[in-house]
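Listed here are the chains, written in short residue letters.
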Amino acid sequence: MLSFGILILLAFLYGSECKVNIPYREGVEYRYDFEATATTGLLEPEGNGAIYRILYKIYIQASQGIAQIQLKDVSTSVYNGKIGWEAYPKMNAIDSPVLNQQLGLPFFLKYEGSKITDIAVDSRDSSFAKNLKRAVAGLLQFSQFEAPSEAATVVEDTELNHYGTCPTVTTIRQGEDGILIEKQRNIENCSLFPHRWRTSMRGARCGASKKQELIDKSSAVNYRIGMNRGHPEIQFVRAYGTIDLTPFAESGLRHFHFVNQTLVLRKTARTNKPIEVSKSAKFVPDLRFQFANPKLDLADVDNYYLAGEDSSLMDQEELRQKFLVTLLETVEIVYNPSTIERLTDRKAVSNLIPYINRMNYQSLVAFYRQDLPSPVIDKLASARSLFLDAVAISGSNPAALLIRDLIKAGELPELVAARMLATLPAYIRRSSMALVSEFSKLIGMALAKDLKYGVVDQALMLAIPTLVNKACTNQIPEFVDCSPEVVQQWNDRFIRQYKETTKYQQKLQSIYALRNLGIYLSPESSTFMKNVALGKEEVEGPIRSHAIVILQEAMTFDPTISSVLFSIYKNKNEPSAIRIAAVGSLLSGTGPLEYLRAIGTSLWSETDQDVVNYIHSSLQSLRSSKHPCLAKSQDFVKQLLKAIPNIPLSHRRSNNYIYDFIHPSQQYGSLLQLHTVNNPQNTLPLTVAGLVNYFWKDYTFDAYKFSVHLSGAKELLPDFSSLLFNEKEDETQFNKLKELLEKVVKLRPADPVHIEVMLTFQGHTAMVYKFDEENYGKILNSKDIEYYLQEYKLNFQIWQSAATAIYTLPSEIGMPVSAIFDLSGMFSNRVEVLKGKASGKLARRLKFQLVSTFDANHALTTYFDGSKAFHTVRHEGRALLHLPLDVEIALDIRKQEFDFKYTTPQDTAPIDSSSDTRTVVEVTTSHSEEEGAAYLRKSCGKSCKSSVVVGKAATKQEKWKSVINWSSTLLGFEILAEVKDCDERVGSLFSKDLRELIYPTGMNYRGNYLGALYLWTVRAQHMLLLRTDGESCAQRALIQRSKKLPTTQIIGKFRSRFSQEEGNPTGSLFESGKSFIRLEMNWKGEKKDSDRKTDFDIVYDFSKFGAKQAVNVRAKIEASSVHKFSDFMVCLKSEGTFPDIPYDFLSVDSNSIPKANFGIDYVMGKVSNLAAAQCPTDQFRFKFAVAASNLPSIDEKVKNAEKWPYDQCQKDREVGMWPSYLTPYTPACFNRALDFTTMRFFNTDVRIVELPSYAETMIDRLKNAIITVLLPYWSFEKVNQSTNTEGIYQFSSNLTFKEDQKLDVTISQLGVNNKFEDIPSPYWLSLPSSRFSSAILSAYKNQLISSCTVTPKSIQTLDNSTINSEIRNCPTLVMADCSESPTFAILMRKSETPAPLAMSMYIGNEHVDIIPQSMDRHFQVNINGASTQVSSHSSNHDLLGDSNSVVRIRFHDPYFIISSQKTGLYIQYSGYHATMFSPATLAGRTCGACGNSDGDPQNDLVSPAACPVTQEAFMEQHIVNDMCAELVEKIEC
């Protein structure tokens, strides 16, 4: 009967009625013990972490669906150090009256069944108390459930908690002690998830999901429920929550914040207290975490992290004092840099920004006016410079107002004021319309001292639009302060300014001001920028290109922009540069994928080769780039590129390069995108543009963007050359250099020199400037030039933040947790220029000291607001570079002499590159340093420290381990590389890291070494500083004076001479002559007897364009009496006989067999008494000589001309009626010249004195190994042995490359010739030619050189089609540039003289006629109407221009050589023929009898109207003279 009653009772207790009841009975008070431990640390095999534990009791009573909760008896404890997962370390709980007071007010919950619907928290509670109570409330609920069966029940539901409205998956089952519930919170998909994202950088997210992916997070709650009279009472709760930050995915480095909470029911008691909801508590259906006062803007987390201490806990007076100490400590580092010992002291170079962020306006003003020392000495000037720079990048509004006041009062120099205005908007965190108004008042005022450049106003007009934009688009909604009227006002202002001005600079500034304002904020602005890009505003081409780039940035806001850019690209009437700008924007990775497909499809019909080249190279860059945002388009690009090989390409013009490096984990990296576009009318780049990105997981930050447009600088080269070779005695060195600088600013009407620069950083265009005569002429006026060439000092310091981002979210117990990424650095440069002591020369002494620090940090920090405590795990890297330089120079330009004296750095101030990386776990509380230490000891014992370096024993100090230790008593300095605090793996990989840095195999830099240099720096940053493997390690590399026999100074003298060959005063500068270079160096020791000397001489004799040349190089070192090595000398000799032709002349005439000799002599002994350029012949220790020539049988081949190509070349000469002294440019004659000038015979002679026996044995073994390998080809013979000097090891060899692709080798030694005959020659072997470079050979074999040859009776077109058609005595167009802007035209006609062809040329503004005369090799040359007679007696005569001119014409008997660098045209003319070499950039753009150079010879035999013609009528169809045209029947079709 009793059993039956128990069953009835259980059925009642566990019936379905429980799903509608709240978890508490009325009239009962539930008392729980609560404990939460929050661990912030690093996961390793042996973990490290900082633990914050909070304990309190929870009292709960309920009535009518409402529960009242009160927290009492709060205590806390802290720990920092090693942690284990089995059990927490022992911690002593310490009562906290402050927290008892903050958490003492009750809060209230409304239930619907067992789930919370509303919460009421007292408005008097702090943000900390409210958030902690919301987190506790989230634990006191669970999903409704039926009576559990034996099998587990899974319920999918949603609930309100401090993460928002979150999906849950609940598993319910019956346990031994009650109902067990396991609840997984899917917080990744919570609606309205509370978080904050802080960065001063413009960033974009590239992932497919819109959710935050920077960190991983999870949450789970387990319950044990007991049923009591229909109520599911909570007996036990355990909750877990994890937040993970993995900076480098493949390293295993994992920062975590883990929370473990337990709630245990201790007792229940009857109560009749009524529940009264306080009037200051109102129910709201929202349990979400609420951030503190938005005005704080996470300043606590931000400033703590960056400063390394809680500066927010100081009052203003204390803050100023601490800031001054930190500032002066930083300056001390600048002036007294040291190695890693100072670097490891993290307080040595503290970040100044957090102090400024904590100061109010009054404190900043007081600090500047009262605390900041007056800059009476250099150190204090550096302190002021650092302070101003830190103010500019701090991003705080009080700092912005201080800058406003200093500029308004005119207290800053003009360039400093401009820099402040350029920097401030990029970093401002909370702009507002009030701030915009304050800076607007500066317009039109005199804003700086000694205004002369006008840069302050320009910086201001770019700064204000950015402030407006940031006020309207702040990432934190509470900070948005936007006025549409103000936006429209500034928008109208800049559009009006653009339309009213005629100055290019102001137009450029106007469109970039609109860019900073944000063209997406105003429809009028967007429409206007589209019109500028489309050319509807009557703008110059460069302005349109800038507008297109600005539109590209706004494509994500305005979908119509893509169609506008595509229409510009598709319009083939647009200039190439504009089309390239448009297609480049669409290919940037931000454009819609459908336009990428359309661009790829259009390639097959594209006729502009420049555009084809640009698109092709851009697609290649897209395919290989590792930019996260480009992943979506790369698969399509790869498919497209597979189909492109059939499209003809040329890589000599427009190119797009992307140089990238990103860590393989794809979590962190950086990227440089760089592209160049060349101007066909200028040999220098037209545009160089770049973008530097930083990545943090799938976020990308635009750190810097720049573009440089250059033109006209080519014209300065002849000015520089003429200055170097000017022999005026009455000019001083100062006036010479001054004249050169003044020429830079001189306006040239025909081709003005200008540089156009645009710089954007952190999303703010800070500078857009066109340097031409109007503006940089003001900067480089004569007075300034004189100043910079005289004595002056430069003291420059700057703080810079490359990237800073903070992402904050709530933890499981309602505390803010922030993931932080930061890159920042300081750069200090002190330069002092003093007058030198050398008389009659431009002498200056330069003292230079560069100090640079760089910090990189990834951190996870938790802020326990109630206790004013931070717990942080941080992977931090810091680098220091110190580069001292003390050098004195004396320059004599006229005599080409250069003297220098370099003082080597001492070991107390070496050239130093140091880095230190480590992971730190630390605890900072609101107590003073002494009280904090006492609190830690009381809480967790003596072993507990506020800061713990992971992986480093607290009591163990490792010593430096040497990796490289190289010291030279000869040079007098040493190089050290050391590591410290590194694990064995890191230390062993150091040398591997260095090898990878020297040869970075994983980088895509496309052969551009500037890009490679940037990527080398980035890779060094990743490998040595950031330690992407997550390990801790300190490294340093030093260059300093050696400890033994150091060098204190290096004194050098450099002399050079150049003289032309006598009897050739009008010849080319490099035709014939003699040059001499001598470098003398004295290595001064600490004492005179430790000095040593070195001499280096080069003598070069050459004549007939190098047909005969001799080179002698001598290097000599004289040791001092205290050095333990002998004097020695190295001599190199080279002699050669080569074809008598100019160095830039492409000819197939070859009549003399080339010969060359080369030798090296190494001499030891007393060499100080030898003459300056003398090399002894009898003191050698080592001799090496090589003689090279063609085979002796080559003369017979030339004379008989029986085999190809000799026979065919002879036929080509006869068909074209070429005179004996000319050779036609045909494939057969090219190969004849190649065969004739190829070196096929090489003789080598080696002599070594006193060769050690082991070395002699090694050489003999090598010789025997060669004989063994080549045994099938081996034979030997004995010969009469020549007299061999005793003690000299000697052998010689002959190497003969035969015409049948076989190789003969002879090695002679000790009267024995070892012969190896008919060895198959390697297929890849390419023999050197004395006439043709490897580049010309490669271009010829790959048909990259297009040429057209005209003779009296035939023409060979650019596409290699031969047409037998006779030229008539009428001007006939043979070749011209037929593009929209033609640059040249070549006409020819028949002449009734021994030389049957006359030629006329129009190149640029030059008109030249060359008319043969009655005597052979006599010509009349008319240049722009002026007549000159030229004959074979005038050989090597410059007729017009030089190598830097638009057109250059020379006569080198029997040829005229006409070249034009701007058009790329190159012509050889003899009166019997004319050969025109066309650059690849003209492919498809030429016209005339030579054809259009489209690669198709089938369409060459046509008239100018593209009608088919016969060969006989071909040439006459191209006659252009109207009188002759009447005699010719023009073919129409």
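Counting its secondary structure elements, the protein chain contains 36 helices and 58 strands. Burial statistics for the protein chain: of 1533 residues in total, 54% are counted as buried. A fraction of 67% describes how many contacts in the protein chain between residues 6 or more apart in sequence connect residues 24 or more apart. When the accessible surface of the protein chain is summed, it comes to about 68,000 Å², and 54% of that surface belongs to carbon and sulfur atoms.

This part is about the sheet that holds strand E47 (residues 1372-1377). If you walk across this open sheet you meet the 7 strands as E52-E51-E50-E49-E48-E47-E58, and the pairing is antiparallel. The sheet terminates laterally at strand E52 (1426-1431) and strand E58 (1486-1487), the two strands that pair on one side only. In the sheet, E47 pairs with E58 via 2 bridges, with the strands oriented antiparallel. Directly across from aspartate 1377, in E58, lies its bridge partner threonine 1486.

Now for the pairing of strand E50 (residues 1406-1412). Sheet topology note: the strand E49 (residues 1397-1403)/E50 ladder contains 5 bridges and is antiparallel. Bridged to methionine 1399 within E50 is isoleucine 1410. Bridge count for E50 against strand E51 (residues 1418-1423) is 5 bridges, and the pairing is antiparallel. Residue isoleucine 1411 lies in a different strand from E51, and its bridge partner there is glutamine 1420.

Applying the stated criterion across every chain, the model contains 47 salt bridges. The salt bridge partner of aspartate 125 is lysine 133, with a shortest N-O separation of 2.6 Å. With respect to burial, aspartate 125 and lysine 133 carry one shared label: buried. The salt bridge involving arginine 1368 is made with glutamate 1516; its shortest N-O contact spans 3.2 Å. Of this pair, arginine 1368 sits in the loop between strand E46 (1362-1363) and E47 while glutamate 1516 sits in the loop between helix H35 (1511-1514) and helix H36 (1522-1525); the two residues are 148 residues apart in sequence, bridging distant segments of the chain.

Now for the side chain of glutamine 509. Within the secondary structure, glutamine 509 sits in helix H15 (residues 504-517). According to the relative accessible area criterion, glutamine 509 is buried, its value standing at 9%. Leave out the neighbours within four places in its chain, and glutamine 509 touches Gln458, Met461, Leu462, Gln497 and Val768.

In the structure shown here, the tally under the stated rule is 29 aromatic pairs. Geometrically, the ring pair formed by phenylalanine 1419 and phenylalanine 1456 is edge-to-face, given 5.0 Å between the ring centres and 90° between the ring planes. Of this pair, phenylalanine 1419 sits in strand E51 while phenylalanine 1456 sits in strand E55 (residues 1455-1460), and the two are 37 residues apart along the sequence. Of the two residues examined, phenylalanine 1419 and phenylalanine 1456, each falls in the buried class. Here a set of aromatic residues connected by ring pairs shows up, and it is made of Phe323, Phe367, Tyr368 and Phe387. Taking NZ or CZ as reference, lysine 217 lies 5.3 Å from the ring centre of phenylalanine 193, over its face. Between the NZ or CZ atom of lysine 507 and the centre of the ring of tyrosine 498, over which it lies, the distance is 4.1 Å.

Next up on the list: the confidence of the model for the protein chain. As a general rule, the predicted coordinates of low-pLDDT regions are not to be interpreted in detail. With 75% of its residues at a pLDDT of at least 70, the protein chain reaches an overall mean of 77. Across residues 1-19 the pLDDT falls below 50, and counting only partners more than four positions away or on other chains, this stretch makes 16 contacts in the model. Predicted confidence for residues 715-731 stays below pLDDT 50, and this span has 27 contacts to residues more than four positions away or in other chains.

This part covers the nonpolar core. Phe387, Phe439, Trp490, Ile615 and Leu619 are the most contacted members of the largest nonpolar core, which totals 118 residues. Considering each element in turn, this core owes the most residues, 11 residues, to helix H13 (residues 455-472). Leu103, Phe142, Cys166 and Val237 belong to the second-largest nonpolar core, a separate cluster that totals 95 residues.

Attention shifts here to the state of the cysteines. Throughout the structure, instances matching the rule amount to 6 disulfides. One disulfide in the model links cysteine 1209 with cysteine 1229; its S-S distance is 2.0 Å. Of note, the bridge from cysteine 1209 to cysteine 1229 carries an S-S torsion of about 100° and is right-handed in sense. Linking cysteine 1209 in helix H31 (residues 1206-1215) with cysteine 1229 in helix H32 (residues 1227-1237), this pair joins segments that are 20 residues apart in sequence.

On the surface, Val963, Ile964, Trp966, Ile975 and Ile1039 cluster together into a nonpolar patch covering about 360 Å² of accessible area. If you tally residues by element for the nonpolar patch, the top one is strand E29 (residues 961-968), at 3 residues. Owing to a relative accessible area of 38%, tryptophan 966 belongs among the partly exposed residues under this scheme.

Parameters and conventions
Residues numbered from 1 in each chain as written. Predicted model: local features only at pLDDT ≥ 70, side-chain atom pairs only at ≥ 80, totals over all residues. Heavy atoms only, no water. Helix = DSSP H or I, 4+ residues; strand = E, 2+ residues; numbered from the N terminus. Buried < 20%, exposed > 50% of the residue type's maximum accessible area, 1.4 Å probe, protein only. Contact = heavy atoms within 4.5 Å. Areas by Shrake-Rupley, 256 points an atom, 1.4 Å probe, with all protein chains shown as cover. Pairing = 2+ DSSP bridges. Salt bridge = Lys/Arg side-chain N within 4 Å of Asp/Glu carboxyl O. Phe/Tyr/Trp six-rings, centres within 6.5 Å; stacked < 30°, edge-to-face > 60°. Lys NZ or Arg CZ within 6 Å of the ring centre and 35° of its normal. pLDDT = per-residue confidence, 0-100. Core = buried A, V, L, I, M, F, W, Y, C linked by side-chain atoms within 4.5 Å. Disulfide = S-S within 2.5 Å. Patch = residues over 30% accessible without salt bridge, like charges linked within 9 Å, V, L, I, M, F, W, Y side chains within 5 Å.

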